[in-house]
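# Observations on chain architecture
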Amino acid sequence: MSHKVKARNNGGSAVGIESRGEIAFDIVVAIIGVLLILVCVYPIYYVVIASISRPLYVENGEVMFRPIMANLESYKEALKTPYLWASFGNSLFYTLFGVLVNMAFSTTMAYALSRPRLIFRKFFTLLAVFTMWFSAGIIPLYMTFRDFGLLDSRAAILFGFCINTYNMIILKSFFEQVPSSLEEAAFIDGASDFRIFTQIYLPLSKPALATVGLFYAVTRWNGYFWPMNLLTSDSKVPLQVLLKKLLVDRTANEMESAIITAESLSSQTTVIYALIILAIIPMIIVYPFIQKYFKSGLTIGANKG
Amino acid sequence: MGLSRSRSLKKRFIGSWQLLILLLPGLIWYILFCYRPMIGLRMAFYDYNVFRGFEGSTFVGLDNFKTYVMGPDFFRTIKNTLFIALWQMLICFPAPILLAIIITEMRFNVLKKIVQTVTFIPYFISAVVVCGMVVNFLSPSTGIINKFIELFGGEATYFMVYPQYFRPVYTLMTLWQTAGFNAIVYIAALMGIDPQLYEAALVDGAGRFQRIWHITLPGIIPTIVTMFIMNIGKMVKVGYESILLLYQPSTYSTADVISTYSFRMGIQNGDYGIATAAGLFEAIIALILVVAANKVSKRLTESALW
Amino acid sequence: MKKTAFILLLALIALSMPVMAGGSKESSASAAAPQTPTLNEDGTFHLPITDKKTEFSIFLNFNNMPFDPNWKVWQKLEELTNIRFKSVISQSNSNEDEAYNLMLSSGNLADVIGYVNASDLEKLGRDGGLLPLNDLIDEYAPHIKALMDSNPAFKQYATSTDGNIYFIPKNQTLKFAEFWFIRGDWLEKLGLEVPTTVDELYDVLTAFRNEDPNGNGLKDEIPLFDRAGWKMPDEYLYLWDTSIEFYVRDGKIVYEPLEENFKTGVRNLVKWYQEGLIDPEIFTRGPKGRDTLLAANLGGMTHDWISAVDYNTKLPATIPGFKMIGIAPPADQNGVVKERTMRYPGVGWGISTQCKDPVTVMKFMDFLFTETGSNLMNWGLEGESYTVDENGNKQFTDAVLKSDQTPVGYLRSIGALYRVGMNQTGEYEIVSTNDEGKAVIDLYESHPEWYDMTQPPYADGELDMKYFPEDEIRYERIMGQIQPYVEEKLQGWILGTSDFDADYDSFIKELHTRGIDEAIEINQRAYDYYIESGLGSSN
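Residues numbered from 1 in each chain as written. Chains lettered and ligands numbered in written order. Predicted model: local features only at pLDDT ≥ 70, side-chain atom pairs only at ≥ 80, totals over all residues. Heavy atoms only, no water.

All right, on to the interface of chain A and chain B then. Contacts between the two partners involve 108 residues from chain A and, on the opposite side, 104 residues from chain B. Between chain A and chain B the total buried area reaches about 10100 Å² when both faces are included, carbon and sulfur atoms providing 71% of it. Counting every contact that joins chain A to chain B gives 2 salt bridges. Between Arg36(B) and Asp147(A) there is a salt bridge; the shortest N-O distance is 3.1 Å. (Contact = heavy atoms within 4.5 Å. Buried area = accessible area lost by both parts, 1.4 Å probe. Salt bridge = Lys/Arg side-chain N within 4 Å of Asp/Glu carboxyl O.)

Structure follows, in structure tokens:
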């Protein structure tokens, strides 16, 4: 099996029967790939070169393909942002433990909902799915946090957002794809649902867990709205809240900020660009490790019938 | 009849009590953090005052809905919401599928890895920054897009202020930001297709396109259906943040959607009743589309989300 | 099965209804402790205000700068008064509106609350969230009382239509706000006179456009530009004595788009834009536009704050001879010279009904109006941000003048000039500007007739009057439908996507359909009240 998988990873044509059409196809795909890279990389490349260029040239649109009068002043300024390291640590904390909480709640519920035996299964599924289209809005949710005494607590961030229905459905669909013969066999051996879940289904679901885990991690890492409004202590705030503040500041405070001339080394804009780069780095480091789990496959599908 | 039904219920309950325990933490969470706050939706029926709460606010029945529906912005916001959803459906939804297929079909491993990683990164750049870049890149005097247009003999266009460009600009921006990220699910699904199917096809002499058409696509149809039903609601609930950053008074005619209206009424004017009423309208549209999509998909592909 | 599911779902929602606890309100208990008087017997302020360190919670987020007790000015205030404030939002908060609404919905109000606009604070006051301060001021705030007695506009701005004072405003001593600035060196180079009328201005801008004043051989000059692109078309309409706002003429509120001048204004604006006299990218230029257009030697004229002359010290190194000079507002088509931008008292802070010791807070608020308090709030710390010479004249130090921020920026970073009840003297603007700046200030100061004092307060170009509660809701709803409509139409005309003359009749009709007449009536009521409350025209 494994060599077949490998062959498939090498591009879909297994053995060496290469027609001209096949080669042309590969070349076209490769060209599309390169174009895609350009389209996606350019804006990011732009952020990088803008973050090291002199701000006046960034503002007047001269920075396009290469940095102008490169300097690292913006990074130095970015690193001086108050609470930067604390918030970086907080972001790591919320992402790491948040994903654990997410996975604990989502996998159990998804597994239960994936079993046709479950009583009121349709009702419970609908209950979850319904929230994707109907949500209460900001103020009622805030009042809920208040009533539970969760304002300004890390617990609010970790447990207030246990399940993303979308991700839970992905997991549920995956569990549904696992051949039921495995479950039946385990039942005959007298295994409980808990054991089947933890010892058969979870180990089998690594790709799904990796994908959904990644989704959760991204959401956790990028989230700013609720952390900003629920947390009032500066020591608990994550990185994105800081970043957001700088971004919004840019529009609000620019009326009174310093004048930019050709001599200025950094401006709020370039500092923001520097911070964006700093904030993306952890995700770029983590992503390739998760990518390898995709190889073994994941199918989310819908209920048959 | 009733007796046997209740007996079978009891039996099913006993048969699934362990599952119910697994379900419980998630269920409790849904009730506490999704359904309990939902009671706040009754704001739509009050002249709601944040400080006084429901007890201190006047019940106004359907007045808020009336104000929205009879108001001059009603048809325009509905129309724009649906149009933007349509653009998203036609362009932003299929793109990740295509991207996933391209990535899996790619033969050069290094290129493949780079494409996959690079297309995923835009998702990390916050909407405020992306919108700022869009405005920069589209500037008629200094923007790179217009530089290119001029290079090829075209005329620089002030894209941000003409209503006919708003939907394409917004759609392309969303596409750029989300395609790589959304492709992940499809990439993972494509990897799950049984390689034996491809080998059999190869033996039958099927070309690449034929294999994609007859094996790859059918293999991920259930994924596509699920994603479509789940996303259709999201598409209708156009995020107001990016639109607020991109629109101009002159582009209201194509850009003003229910959520921006609701934002103006709620956060800017403090009129929570109307804002919630408009929001409910949006949710109902989403719900109708979702139920319809689910029905259609059940009939056509025999699979559905519920 | 599906039906059962839905019924169960509905039942669940219905069941959880009663669980929803309405915000239980705690009534506040005022402290009954005997109060020391605010002033000593010799009339000096009794300091410290409290014997023990006292802390109050505060909600303030001015321009996304949440209140920070570590600011040097506020540390000094704490040292003097023994009173300290603790912010109820984090330093990273960047959305004042949401934070404010969420605080209200939580039912836990901070002891002291400041917010971006007066009407919301007054609404909160009427709903029982803020204390009426009238009696407290009479008893415990002699300095504020004195200012209110001597400055009716200040008192009027503080007083709600129910007669209560819910917040202490930030007073503005300076009257002038924005000025017209033009490239003096360009005028000289092209041999042009300073334009004194709107017609002459048209000629000058056309010359800027066509005669290559920057001398690079390209027709790239942008004669008229602004960094506040989002509100600009409106401010340029001032040149023809019109706007897209309400205005008072002969004691009557008018909505200017309905007036004759509006036609003249828009027609000219459309023409100016088409001829390239106005920055073609004005709508998306953004706050950095002034920097880039001036530094690139492209911009010719703008309507802006005093900081526009700061470029005279920064740019001549790269652009020889660069000089922005302030000029009088060009006379409109009827020969009248007017400057519509002015400063009015602004919003400040109030005391919530949940504050345990309002008297002490009131005394603190009063302290900011004493000379010591006022110096701290306007000048910062003596010896650090300013010095006093032997004649008692104050001067900012280089820490303020030569920091890498603007003087205002620096002063705000140490907690001065914050959005609280205080007397903002504006000296920083006069003291820290250069010769051209001083000249333009003198010019505008010496022409009080340019400023129409019969106009009620405006904030950001919009009418900022006191409405009766029931009027206020109506008004906001109507204007919520009119304002975006007018902005949309105006921008469309300027850009040429629709034709002004062809649209005009239907535009006016639509304004009436959307309820402009009622809005005018409401404004008239508010204006009559403004006059009746006795103080409108006197100043």
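Residues and elements named next belong to chain A. Along its sequence, chain A is carved into domain 1 (2–81 + 257–282) and domain 2 (84–233). For domain 1 and domain 2, the distance between their C-alpha centroids amounts to 33 Å. Summed over both partners, the interface of domain 1 with domain 2 comes to about 420 Å²; 71% of that surface belongs to carbon and sulfur atoms. Linking domain 1 with domain 2 are 0 salt bridges, by the criterion used here. Taken together, domain 1 and domain 2 are joined by 1 residue pair in polar contact (both at pLDDT 80 or more). Ranked by the residues each element gives to the side of domain 1 that touches domain 2, the list is headed by helix 15 (residues 268–291), at 4 residues. For the side of domain 1 that touches domain 2, the class distribution of residues is 6 nonpolar, 1 polar and no charged. (Domains from an automatic or database assignment. Polar contact = N/O pair within 3.5 Å; in protein donor to acceptor, adjacent residues only side chain to side chain. Helix = DSSP H or I, 4+ residues; strand = E, 2+ residues; numbered from the N terminus. Nonpolar A, V, L, I, M, F, W, Y, C, P; charged D, E, K, R; others polar.)

Moving on: the side chain of Thr254(B). All names here are of chain B. One can find Thr254 in helix 14 (residues 252–255). Looking at Thr254, the relative accessible area reads 12%, which means it is buried. Setting aside its immediate chain neighbours within four residues, Thr254 contacts Asn80, Ile84, Pro163, Phe166 and Arg167. (Buried < 20%, exposed > 50% of the residue type's maximum accessible area, 1.4 Å probe, protein only.)

Moving on, we get to the pairing of strand 13 (residues 346–351) of chain C. All names here are of chain C. Counting buried positions over the 6 residues of strand 13 gives 6, a clear majority of the element. Across 3 bridges, strand 5 (residues 112–114) lies against strand 13 in antiparallel orientation. Bridge pairing in strand 13 links Ile113 to Gly350. Bridging between strand 6 (residues 168–172) and strand 13 involves 2 bridges; their strand directions are antiparallel. Looking at the pairing, Ile168 lines up with Trp349 of strand 13. (Pairing = 2+ DSSP bridges.)

Bringing the sheet that holds strand 7 (residues 179–183) of chain C into the picture now. Residues and elements named next belong to chain C. A sheet is described by the order of its strands in space; here 4 strands give the open sequence 8-11-7-12, paired in mixed fashion. Each edge of the sheet is formed by a strand with only one pairing partner; in this case those strands are strand 8 (222–224) and strand 12 (324–327). Mean inter-strand twist for the sheet, computed between neighbouring axes without regard to direction, equals 25 degrees. Taken together, the 2 bridges between strand 8 and strand 11 (residues 299–304) define a ladder with parallel strand orientation. Within the sheet, the bridge partner assigned to Ile222 lies in strand 11 and is Gly299. Sheet contacts for helix 9 (residues 198–210): strand 7, strand 8 and strand 11; angle to strand 8, the most-contacted strand, approximately 165 degrees. (Axes fitted to C-alpha atoms, helices over the stretch in contact; angles between N-to-C directions.)

What follows deals with a nonpolar patch on the surface. Residues Ile23(A), Ile27(A), Ile31(A), Val34(A), Leu35(A) and Leu38(A) make up a contiguous nonpolar surface patch of roughly 540 Å² in combined accessible area. As for its position among the elements, Ile27(A) is in helix 2 (residues 20–52). (Patch = residues over 30% accessible without salt bridge, like charges linked within 9 Å, V, L, I, M, F, W, Y side chains within 5 Å. Areas by Shrake-Rupley, 256 points an atom, 1.4 Å probe, with all protein chains shown as cover.)

As a further point, take the side chain of Thr171(B). Along the chain, Thr171(B) turns up in helix 10 (residues 163–191). Not counting residues up to four positions away in its chain, the partners in contact with Thr171(B) are Trp87(B), Gln88(B), Ile91(B) and Cys92(B).

Let us now look at the nonpolar core. Counting residues in each nonpolar core, the largest one holds 317 residues, and the members touching the most others are Ile113(C), Phe246(C) and Trp272(C). Looking at which element gives the most residues to this core, the answer is helix 10 of chain B, with 15 residues. Once you skip the residues sitting within four places of it in the chain, Ile113(C) turns out to touch Phe59(C), Tyr100(C), Met103(C), Leu121(C), Leu124(C), Leu130(C), Gly348(C), Trp349(C), Gly350(C) and Ser352(C). Ile49(C), Ala141(C), Leu381(C) and Ala416(C) belong to the second-largest nonpolar core, a separate cluster that totals 56 residues. (Core = buried A, V, L, I, M, F, W, Y, C linked by side-chain atoms within 4.5 Å.)

Moving on, we get to the environment of Asn393(C). Residues and elements named next belong to chain C. Relative to the helices and strands, Asn393 resides in the loop between strand 14 (386–388) and strand 15 (394–396). Remark: the alpha-carbon pair of Asn393 and Ile441, spanning 48 residues in sequence, is separated by 20 Å. Apart from the residues lying within four places of it in its own chain, the contact partners of Asn393 are Thr387 and Val388.

Its place among the elements puts Thr261(A) in the loop between helix 14 (239–253) and helix 15. Between the C-alpha atom of Thr261(A) and that of Ser106(A), which follows or precedes it by 155 residues, the distance is 53 Å. Thr261(A) has contacts with Leu56(A), Lys314(C) and Leu315(C), leaving out every residue within four places of it along the chain.

Together, Lys122(A), Lys295(B), Lys298(B) and Arg299(B) give the surface a local cluster of positive charge. Considering each element in turn, the positive patch owes the most residues, 3 residues, to helix 16 (residues 272–301) of chain B. Topologically, Arg299(B) is positioned in helix 16. (Lys, Arg positive; Asp, Glu negative; His and termini not counted. Charge placed at Lys NZ, Arg CZ, Asp CG, Glu CD.)

On the surface, a cluster of negative charge is made up of Glu193(C), Asp199(C), Glu200(C) and Asp203(C). Its place among the elements puts Glu200(C) in helix 9.

Bringing the packing of helix 11 (residues 260–274) of chain C against helix 20 (residues 469–495) of chain C into the picture now. All names here are of chain C. Interaxial distance between helix 11 and helix 20 falls to 8 Å at its minimum, and their mutual angle equals 45 degrees. It follows from the interaxial angle that helix 11 and helix 20 lie oblique. Mapping the contact onto sequence places Phe262, Val266, Leu269, Val270 and Tyr273 in helix 11 and Leu490, Trp493, Ile494 and Leu495 in helix 20. In terms of residue class, the contact of helix 11 with helix 20 is built from 9 nonpolar, no polar and no charged. (Parallel < 35°, antiparallel > 145°, perpendicular 65-115°, else oblique.)

What follows is about the pattern of salt bridges. When charged atoms on two side chains of opposite charge get close, those side chains can pair. Residue and element names in this part refer to chain C. Taken as a whole, this structure holds 42 salt bridges over all chains when the rule is applied. Among the ionic pairs, Glu79 bridges to Lys76, the shortest N-O distance being 3.5 Å. Taken together, the residues span about one helical turn, with Glu79 and Lys76 both in helix 2 (residues 72–81) at a distance of 3 residues. Of the residues examined, Glu79 reaches a relative accessible area of 57% and is grouped as exposed. A salt bridge links Lys145 to Asp138, with the nearest nitrogen and oxygen atoms 3.3 Å apart. You can call Lys145 partly exposed: its relative accessible area is 31%. Owing to a relative accessible area of 48%, Asp138 belongs among the partly exposed residues under this scheme.

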